[in-house]
Amino acid sequence: MRIDIITVLPELLDSPFQHSIMKRAADKGLLEVNLVQLRDYGLGQHKQVDDYQFGGGAGMVMMVEPIFNCINALKAQRIYDEVIYLTPDGERFNQKIANQLSLKGNIILLCGHYKGVDERIREHLITREISIGDYVLSGGELAAAILVDAIGRLIPGVLGDETSALFDSFQDDLLAPPVYTRPANFQGWEIPEILLSGHTAKIEEWRHDEALKKTKSRRPDLLPEN
Ligand code: 6GU
């Protein structure tokens, strides 16, 4: 999978994909993240990418032409399955969307700034608009990092244990059960005895019960209504 991220602040995204699981995905050739500096497509001597909004009002708007040229330059290289605009008024990102996107081949992520992008970009070039939650960020870059992480780890072969992504919090609409590691007793803080029993079926049952309990108390909205 290849993800191109169009941004005026590629520096913000230099580090997030160079560690841990995202690095492993890149090293294995399973995920290629390419940062595209929008300013390279800016207009005139000053490489302008934003301008005052028609009708007046505070805040700059990202112009059509640089984004149009940038997206076209990418599209000349390969076919894209989605051109996603990251915006607080997009569809709220969740595990289901991450699952869908992890099956794609090539994706463009467009990071907005200032007041956002000229609406004509959204009308004519964007295939999907995604928000990461009900709060406002100063730009789409950190949202893009979150998408890439959530998507990247779902690509088959990226996680060491092929099955582990399937048992995560949210993947089955239940929060994850508690986990423990050695020592079994730390200064009198003991782990649940069942985990030392060696009884796999009982342990799985306990984990499911704990997951259900936690979900009921913290996120009842995730449970089916009955
Ligand atoms: Cl995708 N972008 C910005 N700027 N703010 C957000 C967001 C995205 N999602 C939630 N808030």
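Nothing here was measured: the structure is a model prediction, and the numbers come from that model. (Residues numbered from 1 in each chain as written. Predicted model: local features only at pLDDT ≥ 70, side-chain atom pairs only at ≥ 80, totals over all residues. Heavy atoms only, no water.)

**Student:** How would you summarise the environment of Glu82 if you had to cite specific residues and measurements?
**Tutor:** Locating Glu82 in the fold gives a position in strand 5 (residues 82–92). Distance from Glu82 to Ile126, taken between C-alpha atoms, is 7.7 Å for residues 44 residues apart in sequence. When neighbours within four sequence positions are excluded, Glu82 is seen to be in contact with Leu101, Lys104, Asn106, Ile107, Ile108, Thr127 and Arg128. Here Thr127 takes part through its side chain, which lies 2.6 Å from a polar atom of the side chain of Glu82. (Helix = DSSP H or I, 4+ residues; strand = E, 2+ residues; numbered from the N terminus. Contact = heavy atoms within 4.5 Å. Polar contact = N/O pair within 3.5 Å; in protein donor to acceptor, adjacent residues only side chain to side chain.)

**Student:** Give a detailed account of the domain arrangement of the chain, specifying residues and quantitative values.
**Tutor:** Along its sequence, the chain is carved into domain 1 (2–152) and domain 2 (169–222). If you average the C-alpha positions of domain 1 and of domain 2, the two centres end up 38 Å apart. (Domains from an automatic or database assignment.)

**Student:** Go over the state of the cysteines with me, naming the residues and quoting the values.
**Tutor:** For the structure shown, the criterion picks out zero disulfides. Free cysteine Cys70: the closest other cysteine sulfur is in Cys111, separated by 11 Å. Classification of Cys70 as buried rests on a relative accessible area of 0%. (Disulfide = S-S within 2.5 Å. Buried < 20%, exposed > 50% of the residue type's maximum accessible area, 1.4 Å probe, protein only.)

**Student:** Account for the site of the ligand, with residues named and values stated.
**Tutor:** Around the ligand, the neighbouring residues are Leu86, Thr87, Pro88, Ile130, Ser131, Ile132, Gly133, Tyr135, Leu137, Gly139 and Ala143. Backbone polar atom of Leu137 to a nitrogen atom of the ligand: 3.0 Å apart, as the coordinates give it. The fraction of the free accessible surface of the ligand (290 Å²) that becomes covered by protein chains is 96%. Those elements that place two or more of their residues in the shell around the ligand are strand 5 and strand 7 (128–131). Top element by residues in the shell around the ligand is strand 5. It accounts for three residues. A breakdown of the residues in the shell around the ligand according to their chemical character gives seven nonpolar, four polar and no charged. (Near = heavy atom within 4 Å. Areas by Shrake-Rupley, 256 points an atom, 1.4 Å probe, with all protein chains shown as cover. Nonpolar A, V, L, I, M, F, W, Y, C, P; charged D, E, K, R; others polar.)

**Student:** Just give me the short version of the pattern of salt bridges, but keep the residues and values in it.
**Tutor:** By the definition in use, this model includes 13 salt bridges. Residues Asp4 and Arg78 are paired through a salt bridge, measuring 3.9 Å at the closest nitrogen-oxygen approach. Taken together, the residues Asp4 in strand 1 (residues 2–7) and Arg78 in the loop between helix 2 (64–75) and strand 5 connect sequence positions 74 residues apart. Among the charged side chains, a salt-bridge network with shared partners connects Arg2, Asp4, Glu32 and Arg78. (Salt bridge = Lys/Arg side-chain N within 4 Å of Asp/Glu carboxyl O.)

**Student:** How would you explain the side chain of Arg128 if you had to name every residue and give the values?
**Tutor:** Within the secondary structure, Arg128 is located in strand 7. Those residues in contact with Arg128, other than ones at most four positions away along the chain, are Glu82, Val83, Ile84, Tyr85, Glu91, Ile97, Gln100 and Leu101.

**Student:** Talk me through the sheet that holds strand 2 (residues 32–37); I want residue IDs and the actual numbers.
**Tutor:** Judged by pairing direction, the sheet is parallel, and its five strands sit side by side in the order 2-1-6-5-7 without closing on themselves. Of all strands in the sheet, those with a lone pairing partner are strand 2 and strand 7, marking the two edges. With strand direction ignored, the average angle separating the axes of adjacent strands in the sheet is 30°. Pairing geometry for strand 1 and strand 6 (residues 106–111), over five bridges, is parallel. Counted as the bridge partner of Asp4 is Ile108 from strand 6. Each of strand 5, strand 6 and strand 7 touches helix 3 (residues 95–102); the most contacted strand, strand 7, lies at about 135° to it. (Pairing = 2+ DSSP bridges. Axes fitted to C-alpha atoms, helices over the stretch in contact; angles between N-to-C directions.)

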